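Here are the chains, one letter per residue:
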Amino acid sequence: MQPFKRYITIALLVMATVFVSCRQASRYDEALAIYNKGVELREAKQNEDAAKCFSDALVTLNLCDAENYDVKALKAETEDRLGEIYWLQGLFEEALELHLDASTLSRELDRPVSLMKSLRNAGRAAASLKNLEEAEDYFNEAISIAKSLNDNNFANDVCLDLARDIYMEKEDFGKMVSVVSQAFDNDAEPYQCHLLLGLANYYLENDDEAISHLNEAAKSDKAGFKMSAYQTLYYIYQMRGDYSKALEYHELYNENMIEADHQHRSEEMQRIKSENDLKMQENALKEKQKTRTLFFCGVLGILAIALIIMILLFRQRSLRAQIEAEKTKNQFEAALKKNKVYVTALALTEQITASTLDFNLDDDSWDDFMNLINLIYNDLNNKLIAKYPSLTQEDLKICSLTRLGMSNQVIAILMNTQTASYARRKSRIKQEKMNGSEDTRSFEEIIEDI
């Protein structure tokens, strides 16, 4: 009987092992099916339903053999997918935790493709949390793996992430230009490269280079790219004082903002239609709830459009005010051209003769000149007095003429002194009245910067 009992025990153990193995395989297959459904929902942009599928898949995988290769691999993929959705929903800490766990599993299983994807996603999440140094490390490791796999497209994409999310945030625009340029030379997506190079050169004040790249970026069929390009071009030409060009780009920005809103609403309607088709197959009762959701989305969409229109009207009003201010400045400049001090200075600039030296500037002419300088150059003389209280009225005349760009010789004649004496006087003003011992700028630079 003893051998017989032993055989029975062994048989039961074998049966139990087979049962457990079958059950484990069944759970894995169940988790895989749920995961695949989540992928389909994610591709249809049904993120909430996709997130639920991925969460359910992870729960099922936790019931499987934790040391099984396939289980670990599927868990890594599922965590990475779920982390992407969390990141889109602004759950950056939860997303980072999922991506890091996925990267640990992929590293353990020696799956470099999965590892570089999870590292890139971890970099995005860390950057969103402003953990820039940590994010930079993740991006750089992902780039290194991609290059080792000769996956240039992926490496380029991560380089652009690195430039946009890290170096732009750090305001390291030189490094940003270097990284994007390398990606561009390596056949990265051209419009995104042009946009990033345009933005970097804008902050580096390389305006001509920025304009060239931004105009190329504006050729993209993506409204978002166009809007960023046109907005930056608007700022550049506004700073240059070319208000007609600035207004042109401002109008293009507004047009593409409306187009982007239309595209967004079109995509939203397509997503909702896809959701409705699936829900009708699963449960007809949910259709009523979806209709209510659509109505709510429509109300929010109308409110969003109304807000956008209000913002656009405000910006247009602001631009008109700037244009009016420019017109007023032009009127003051026209008045300045009739002022006796300015006319005399201009005549001396063009040619110094006995006739040009025969002039008489009264106090009224000087007072009118100084008032016009204040109006044209944003209260220049009052700002000078506020910053350097020891300046005299004669000193202010010299500052005003300097701001107009008059030569030392012309200013010396107008101030009734020799050129050499004027040079010494200007030097004394800077050293004794403008903190010259501490300020390394030239006299002209000080006036220009006021």
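The notes below deal with the structure included here. Not measured: the values here are computed from a predicted model. (Residues numbered from 1 in each chain as written. Predicted model: local features only at pLDDT ≥ 70, side-chain atom pairs only at ≥ 80, totals over all residues. Heavy atoms only, no water.)

Its 13 residues give helix H8 (residues 173-185) an end-to-end C-alpha distance of 18 Å, which sits within 8% of 18 Å, the value for a rise of 1.5 Å per residue. All buried positions along H8 are accounted for by Phe173, Met176, Val179, Val180 and Ala183. The arc that holds the buried residues of H8, viewed along the axis, is 120 degrees, so those residues lie on one side. Facing away from the buried side of H8 by more than 90 degrees, the exposed set consists of Gln182 and Asp185. Buried-residue contacts for H8 involve helix H7 (152-170) and helix H9 (190-203). Where H8 ends, the next residue or the one after it, Asp187, has phi of about 70 degrees, a positive value. (Helix = DSSP H or I, 4+ residues; strand = E, 2+ residues; numbered from the N terminus. Expected span 1.5 Å × (residues − 1). Buried < 20%, exposed > 50% of the residue type's maximum accessible area, 1.4 Å probe, protein only. Arc of directions from axis to C-beta. Contact = heavy atoms within 4.5 Å.)

Following the criterion strictly, the structure yields seven aromatic pairs and no others. Between Phe173 and Tyr203 the ring centres are 4.8 Å apart and the planes differ by 15 degrees, which places this aromatic pair in the stacked class. In this pair, Phe173 is assigned in helix H8 and Tyr203 in helix H9, connecting sequence segments 30 residues apart. Taking the relative accessible area as the measure of exposure, Tyr203 reaches 45% and is therefore partly exposed. Between the aromatic rings of Trp366 and Phe369, the centroid separation amounts to 5.8 Å while the plane-to-plane angle is 85 degrees, which identifies the pairing as edge-to-face. Of this pair, Trp366 and Phe369 both sit in helix H16 (residues 363-376), three residues apart, which is roughly one turn of that helix. (Phe/Tyr/Trp six-rings, centres within 6.5 Å; stacked < 30°, edge-to-face > 60°.)

Taken together, the side chains of Phe295, Val299, Leu300 and Leu303 make up a nonpolar region of the molecular surface, amounting to roughly 410 Å² of accessible area. Position of Val299 relative to the elements: it lies in helix H13 (residues 286-336). (Patch = residues over 30% accessible without salt bridge, like charges linked within 9 Å, V, L, I, M, F, W, Y side chains within 5 Å. Areas by Shrake-Rupley, 256 points an atom, 1.4 Å probe, with all protein chains shown as cover. Salt bridge = Lys/Arg side-chain N within 4 Å of Asp/Glu carboxyl O.)

For Ser244, the position within the fold is in helix H12 (residues 243-282). The spacing of Ser244 and Tyr234 is ten residues in sequence and 10.0 Å in space, taken between C-alpha atoms.

In terms of nonpolar packing, the biggest core is built from 36 residues, with Leu160, Ile166, Met176 and Val180 touching the most fellow members. Of all elements in the fold, only helix H4 (92-109), helix H5 (112-128), helix H6 (132-148), H7, H8 and H9 reach the threshold of two or more residues within this core. Here this core gets nine residues from one element, more than from any other, and that element is H7. Those residues within four positions of Ile166 in sequence are excluded, and the remaining contacts are Ala127, Leu132, Ala135, Glu136, Phe139 and Asp161. (Core = buried A, V, L, I, M, F, W, Y, C linked by side-chain atoms within 4.5 Å.)

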